[in-house]
Amino acid sequence: MRVIAWLVEGTWPSCVDAVRTHAPPAAEVVLLHVSGPDVPGLAHGAFAGLLGRGHPERDPGDLVEALGGSSAAELLDAAAGRLGRPCVREERAGRVEREVVAAAEGADLLVLARDGDRSRLGPKSLGPAVRFAVDHAPCPVLLVWPEPAPGLATIPPPPPHHPH
């Protein structure tokens, strides 16, 4: 069995705990972190457009990319320590939701955490990237709450009935 755990800053402990609870001891576990192109790209763009004419050596985008890579490595190290068993650490970069789906190809389970409004039950508890991964994953998905789930009272009431 191959289990992919998509780790995101802030919610990764719940994914690791779900793997510890639900993945068989003999499973191959892959801890996945995906860095999007957004922040380094914005830094490159801002520098090129406003600040950097004629001084490419001052472009902060490269530094932002390097810092992102080191923080991803630290997150993966922390997750591996929390998991407490052998695992593979995988770092990817690109369109986050598409990289997660691609990483799940051939997997037996994808574990990920809700990333939207976690104050109530319902579809708004999924942000766009997690919604895409849930809708397009080529394997079963285990979707976890990063903290205890809200109560049933948080479900909005049904719309009023309109007689015809």
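Residues numbered from 1 in each chain as written. Predicted model: local features only at pLDDT ≥ 70, side-chain atom pairs only at ≥ 80, totals over all residues. Heavy atoms only, no water.

Caption draft 1: Summary view of helix α4 (residues 96-103). When α4 is considered as a whole, its buried residues turn out to be Val96, Glu97, Val100, Val101 and Ala103. Angularly, the buried residues of α4 cover 165 degrees about the axis, an arc narrow enough to put them on a single face. As for α4, its buried residues are in contact with β1 (2-6), β2 (28-35), β3 (88-93), β4 (109-113) and α5 (128-136). (Buried < 20%, exposed > 50% of the residue type's maximum accessible area, 1.4 Å probe, protein only. Helix = DSSP H or I, 4+ residues; strand = E, 2+ residues; numbered from the N terminus. Arc of directions from axis to C-beta. Contact = heavy atoms within 4.5 Å.)

Caption draft 2: Broad picture of the environment of Leu126. On the secondary structure map, Leu126 appears in the loop between β4 and α5. The exposure class of Leu126 is buried, given its relative accessible area of 13%. Between the alpha carbons of Leu126 and Leu143 there is a distance of 9.7 Å; along the sequence they are 17 residues apart. Excluding residues that lie within four positions of it along the chain, Leu126 makes contacts with Arg114, Asp115, Gly116, Arg131 and Leu143.

Caption draft 3: The sheet that holds strand β5 (residues 141-144), seen in detail. The strand order β3-β2-β1-β4-β5 describes an open sheet built from five strands, whose pairing is parallel. Edge positions in the sheet fall to β3 and β5, since each of these pairs with one other strand and no more. The average undirected angle you get between the axes of adjacent strands in this sheet is 20 degrees. Pairing analysis gives six bridges linking β2 to β3, with the strands arranged parallel. Across the sheet, Val34 pairs through a bridge with Arg92, a residue of β3. With respect to the sheet, α4 is in contact with β1, β2, β3 and β4, its orientation differing from that of β2 by roughly 160 degrees. (Pairing = 2+ DSSP bridges. Axes fitted to C-alpha atoms, helices over the stretch in contact; angles between N-to-C directions.)

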